[in-house]
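Each chain is listed here by its residues.
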Amino acid sequence: MTQRMWQNHDLKKNYEVVIIGGGAHGLATAFYLAKNHGITDVAVLEQKFIGYGGSGRNTAILRSNYRTEEGIKFYDQSLDLYENLAGELDFNLMFSQQGHFTLGHSTASISGLVTRAENNKALGIDSFMLDPKEIKKMLPEIDITDHPRFPVHGALYHPPGGIIRHDAVVWAYARGADRKGVQIHQMTEVQDILVENGKATGVVTNRGTINCNTVISVVAGWSSEVCKKVNVKLPFVTHPLQALVTQSYKPWLHHVVVSGTLHIYLSQTDRGELVCGNGIDTYPHYGMRSTLGFLESYSAHVLELFPVLHNVAVQRQWAGLCDMTPDYSPIISPIDEIDGFYVNGGWGTYGFKASPASGYNTAQMVANGKTPEMIEPFRYNRFAENRLVGEKAAASVGS
C-alpha cells in the first residue's frame, strides 16, 4: 500500500501556532518549528493546494551573490541549508549547482558587478568577474560581438549557484513537517484574524474558527491583504512576474544566465526544457495570466544573447505574484503592535532561494520570542527608522 506524503486532518479548534500560507516558506517554518524547537501543534493553512503560489510559479534559481552584507549572509545560509536539504528531508530535490552568470552590458553595470564581486569575496562567497572571451568558453552559443543592442561586456560568475526542482522542495518540506506532527490543511482560506487586547488569538477560515497563540503570515504576493485583516499597513506592492518553458531540447545550456539590463534569465532542466523568466510587470496588480507582450519582449531580448534559439517552441507561459518592498529586501518580523502576529513577506522576485533560511530563522524567532541576529536587519520598522537594506542592485530582473 502506498503511503501518503502528508495526511488530511479534521480542522481542530485549537492550535499553538497557525501558519497562513502553504508554500516553501510556510512549510519550512513548520518543519523547523517541529524539528529544532519541538513545537508540533502547528496548522499550515493554504487557500488552494500547497505550492499553488510563488513556490510553484518560480524558475527555481538558487544563489547567494547578493549586494549587501545582510543579504549576502542570509542567502548564503539558505544556500548552505539547500546543499544538505535532500539528505535532511530524505528526498531527491534535483539540486544542480551548475554556476550562475549575471551579465553586464555597460560600463555602469560592470562597475556594479565588480562591487558585488568584491563584497562577496570579502564575506567568503565564491563569486568573481569574467571577461567576454571567458564567458564564450563556458557559453559557446552566446553572442559576444558588438551586433546586439546591448553587447556583453563581462559577467559576475557564481559557481555555487544553480537550479532545483521547486515542487520537490515543497513536497519534501510538507512530508517532513507532517511526519513530525504538523497538520497541513489545503483548501482552507483565512477570512479574518482575531485580535483581542492587542494580541492575535485566532483565525476565521472557510472551515471554521481556530484559536491559537501565534499567527504567522507567509503568503508571498498576498501579504498586504493578510495584514489588512489586523489593520497593519506595511510597504508591500504586488506585481506579477511572468515566465515560460519551452519544449525539450538536447542539453546545451549548462549554467544559469541572467541579464538585469535585458530583464531576462534562463536555465535548462534535466529534461531539456528551457525555463525562462522576465522582469516584473511594470504596474501593480494581482493577475496571474501571462501575456503576449511578455512573450514578444522576452523573445526579442533572449535572441540578442542566443541567436541559436530562433526556432525554439514555447510550451507554456504563466505568472506568479511578487510582493515588493521599497529596498528590495524582505520583511521577517514580529509586529510590535500585535502580540503573537508575525509577518514573513516582501520577497520580490527572489523568494524561493530564501526558503530554508526564511523558515529556519522564522521558526527560531517564534520559538524563542526574539529576532535572530541573521534577520534582525529585516524587521518591519526599518523603513520608519531609515535603515534600509538596499538590495536592488542584486535583484537583477526585479529592478
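Residues numbered from 1 in each chain as written. Predicted model: local features only at pLDDT ≥ 70, side-chain atom pairs only at ≥ 80, totals over all residues. Heavy atoms only, no water.

S.K.: Any chance you could explain the packing of aromatic side chains here in plain terms?
M.R.: The description of an aromatic ring pair rests on the distance of the ring centres and on the angle between the ring planes. One pass over the full model with this rule turns up 17 aromatic pairs. Geometrically, the ring pair formed by Tyr66 and Tyr75 is stacked, given 3.9 Å between the ring centres and 5° between the ring planes. Taking relative accessible area as the criterion, Tyr66 reaches 0% and is therefore assigned buried. For the ring pair Phe74 and Trp347, a centre distance of 5.8 Å and an interplane angle of 25° mean the geometry is stacked. On the criterion of sequence distance, the pair formed by Phe74 in helix 2 (residues 69–83) and Trp347 in the loop between strand 19 (341–345) and helix 9 (355–368) is long-range, its members being 273 residues apart. Overall, Trp347 belongs to the buried group, its relative accessible area being 5%. Three or more aromatic residues joined by ring pairs form one cluster here, namely Tyr66, Phe74, Tyr75, Trp347, Tyr350 and Phe378. (Phe/Tyr/Trp six-rings, centres within 6.5 Å; stacked < 30°, edge-to-face > 60°. Buried < 20%, exposed > 50% of the residue type's maximum accessible area, 1.4 Å probe, protein only. Helix = DSSP H or I, 4+ residues; strand = E, 2+ residues; numbered from the N terminus.)

S.K.: When you look at the pattern of salt bridges in this model, what are you seeing that I'm missing?
M.R.: Oppositely charged side chains are able to pair whenever their charged atoms sit close together. One pass over the structure, following the stated rule, counts twelve salt bridges. For Glu88, the salt bridge identified is with Lys35, shortest N-O distance 3.2 Å. Here the residue Glu88 occupies a position in helix 3 (residues 85–89), and Lys35 occupies one in helix 1 (residues 24–37), the gap between them amounting to 53 residues. Take Glu88: its relative accessible area is 31%, and that puts it in the partly exposed class. Looking at Lys35, the relative accessible area reads 39%, which means it is partly exposed. Two residues, Arg271 and Glu273, come together in a salt bridge whose shortest N-O distance is 3.3 Å. (Salt bridge = Lys/Arg side-chain N within 4 Å of Asp/Glu carboxyl O.)

S.K.: Sorry, what's going on with the packing of helix 1 against helix 6 (residues 166–179) here?
M.R.: Helix packing for two helices is described by the angle between their axes and how far apart those axes are. One can describe the packing of helix 1 onto helix 6 by two numbers: an axis separation of 8 Å at closest approach and a directional angle of 30°. Here helix 1 is positioned roughly parallel relative to helix 6, judged by the angle of their axes. Two packed elements cross with a definite hand, and for helix 1 against helix 6 that hand is left-handed. Counting all contacts with helix 1, which are made through Ala24, Leu27, Ala28, Ala30, Phe31 and Tyr32, the residues of helix 6 involved are Val169, Val170, Tyr173, Ala174, Gly176 and Ala177. For the contact of helix 1 with helix 6, the residue count by class is eleven nonpolar, one polar and no charged. (Axes fitted to C-alpha atoms, helices over the stretch in contact; angles between N-to-C directions. Parallel < 35°, antiparallel > 145°, perpendicular 65-115°, else oblique. Left-handed = near helix turned anticlockwise from the far one by under 90°. Contact = heavy atoms within 4.5 Å. Nonpolar A, V, L, I, M, F, W, Y, C, P; charged D, E, K, R; others polar.)

S.K.: I keep staring at unusual backbone geometry and nothing clicks. Help me out?
M.R.: Only a minority of non-glycine residues have a phi that is not negative, and only a minority of peptide bonds are not trans. Of note in this structure, Met94 is not a glycine but carries a positive phi near 55°. Relative to the helices and strands, Met94 resides in the loop between helix 3 and strand 4 (100–104). Met94 gets classed as partly exposed once you look at its relative accessible area, which sits at 38%. The phi torsion at Asn197 lies on the positive side, around 50°, for a residue other than glycine. By secondary structure assignment, the location of Asn197 is in the loop between strand 9 (190–196) and strand 10 (199–205). The class of Asn197 is exposed, set by a relative accessible area of 83%.

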